[in-house]
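Each chain, written out:
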Amino acid sequence: MNILVTGGAGYIGSHTVIKLIEAGHTPVVVDNLCNSSAESLRRVAQITGVTPPFYQQDVRDTAALEAVFAKHAIDAVIHFAGLKAVGESTEKPLLYYQTNLDSTFTLLEVMRTFNVKTLVFSSSATVYGSEPAPYSEDSPIGRGITNPYGRTKYFIEEMLRDIASSDGSLAITSLRYFNPIGAHPSGLIGENPNGVPNNLMPYITQVAVGKRAELGVFGDDYDTVDGTGVRDYIHVDDLAEGHVAALTHSQTGYCAINLGSGEGTSVLQLVHAFEEASGAKVPYKIHPRRPGDVAVSYAKIARAADVLQWRTTRTIEDACRDSWRWQSGNPEGYK
Ligand code: NAD
Ligand code: UFG
């Protein structure tokens, strides 16, 4: 199938493009490179031997997006494009609402024009807000979300549900990602954050490679195994394969599915697993809790197993080793 991949030059998108190619699909990438580099796609070509068609344009540009649909006979869409920095979304909420919502509106309109029925959307565990973990897809969403970024995911999910119920021929899947880490085992592509990383794993790898002096651990007084926050870390290649499964098993209607491992790992457990896998040291210091953080987040994973016939196959150790291979081989990312 010809799959439009919005945001396909980004971290999760580039790994998914590889899995799509390996599964025999033809990915077509649209990305404005606001948080990525075309180098990721050159490396996808190096890994797969296939150069995916790439259009550097904004998803909100209707005419340009129509031209891509007209040229490539798109069969289905995976929609990764969007802004994702939680802290920045609190400072610039309008930018987040405009970018994440408008891009989805434009995409849905162009899909309607070209009669494309299948959409896989990048949602997030953040939609569960203040619900107690583990999160099931039947848990309420939208309550206690602490930032505009998270609300864009919630609003888009609600909109997609309405749109799917208005037209029974649509097949829309929202994949609620838990915490993606790791990199392609080649070490050629990986997470490439701009500036100071917001997320734990890229911070750990930048400390390990000597770019930053020490990790700040946000809180050691949570009610968890060692007092530090617990998350459900998922290897980005498992996540990428979840998208291929979502296309394969896509059914009409609206379906939200957790993509996680079902296991919780604390900040310090991840630090120690990383040190073990890499042989590098990660000095750290305890800081106050980060505002907006929940103590524990992990997934119930039965629906992914039932509907997608998918579950994670890679371990935290695999993810640590692959993150380190990427970071140590590319200390400056794609630069
Ligand atoms: P990323 O920033 O690496 O990838 C997003 C890509 O979208 C980037 O390449 C960026 O240039 C592009 N983009 C942004 N706005 C665009 C626009 N208007 N038009 C065209 N391209 C645009 O992020 P990622 O980690 O790969 O995340 C992909 C998706 O998954 C995002 O929607 C994100 O919110 C969601 N998600 C990520 C995480 C995570 O922890 N990484 C967790 C849950 C959900
Ligand atoms: N943490 C630290 N130090 C750091 C960074 C993070 O101790 O420098 C801790 C956090 O307090 C938390 C854990 O590491 O306990 C994970 O933090 P991340 O920022 O890596 O991930 P979050 O779970 O906070 O958020 C991520 C994405 C969001 C997404 C959410 C749910 O950043 O976009 O997962 O999917 F919404």
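Quick note: structure is the one above.
Residues numbered from 1 in each chain as written. Chains lettered and ligands numbered in written order. Predicted model: local features only at pLDDT ≥ 70, side-chain atom pairs only at ≥ 80, totals over all residues. Heavy atoms only, no water.

A. Examining the site of ligand 2 more closely. Surveying the vicinity of ligand 2 reveals 21 residues, the closest of which are Ser124, Asn199, Gly216, Arg231 and Asp293. Between an oxygen atom of ligand 2 and a side-chain N or O atom of Ser124, the distance comes to 3.0 Å. Contact distances for ligand 2 include 3.1 Å between an oxygen atom and a backbone N or O atom of Tyr177. In isolation ligand 2 has 680 Å² of accessible area, and contact with the protein removes 88% of it. Every element with two or more residues in the shell around ligand 2 is listed here: helix 7 (200-208) and strand 8 (215-218). If one sorts the elements of the shell around ligand 2 by residue count, strand 8 sits on top with four residues. Residues that form the shell around ligand 2 fall into these classes: 11 nonpolar, seven polar and three charged. (Near = heavy atom within 4 Å. Polar contact = N/O pair within 3.5 Å; in protein donor to acceptor, adjacent residues only side chain to side chain. Areas by Shrake-Rupley, 256 points an atom, 1.4 Å probe, with all protein chains shown as cover. Helix = DSSP H or I, 4+ residues; strand = E, 2+ residues; numbered from the N terminus. Nonpolar A, V, L, I, M, F, W, Y, C, P; charged D, E, K, R; others polar.)

B. Representation of the packing of aromatic side chains in the model. In total, this model carries seven aromatic pairs according to the counting rule given. Taken together, a centroid distance of 4.6 Å and an interplanar angle of 20° make the contact between Tyr128 and Tyr135 stacked. On the basis of relative accessibility, which here comes to 2%, the residue Tyr135 falls in the buried class. Consider the rings of Phe274 and Trp324, whose centres lie 5.7 Å apart with planes at 90°: the pair is edge-to-face. Here Phe274 is found in helix 9 (residues 267-278), whereas its partner Trp324 is found in helix 11 (residues 316-329), with 50 residues between them in sequence. Grouping residues by exposure puts Phe274 and Trp324 together as buried. An aromatic cluster is present here, built from Tyr97, Tyr154 and Phe155 joined pairwise through their rings. Above the ring of Tyr203, the side-chain terminus of Arg212 is found at 5.9 Å from the ring centroid. (Phe/Tyr/Trp six-rings, centres within 6.5 Å; stacked < 30°, edge-to-face > 60°. Buried < 20%, exposed > 50% of the residue type's maximum accessible area, 1.4 Å probe, protein only. Lys NZ or Arg CZ within 6 Å of the ring centre and 35° of its normal.)

C. Up close: the pattern of salt bridges. Counted by the stated rule, this structure contains 21 salt bridges. A salt bridge links Glu39 to Arg42, with the nearest nitrogen and oxygen atoms 2.8 Å apart. Here Glu39 pairs with Arg42, and both are found in helix 2 (residues 39-48), just three residues apart, close to one helical turn. Notably, a salt bridge pairs Asp238 with Arg314, separated by 2.6 Å at the nearest N-O pair. Residue Asp238 is found in helix 8 (residues 236-248), and its partner Arg314 is found in the loop between helix 10 (302-308) and helix 11; the two are separated by 76 residues along the sequence. Exposure remark for Asp238: the relative accessible area of 0% places this residue in the buried category. Taking relative accessible area as the criterion, Arg314 reaches 24% and is therefore assigned partly exposed. (Salt bridge = Lys/Arg side-chain N within 4 Å of Asp/Glu carboxyl O.)

Geometric values such as these leave the question of function open.
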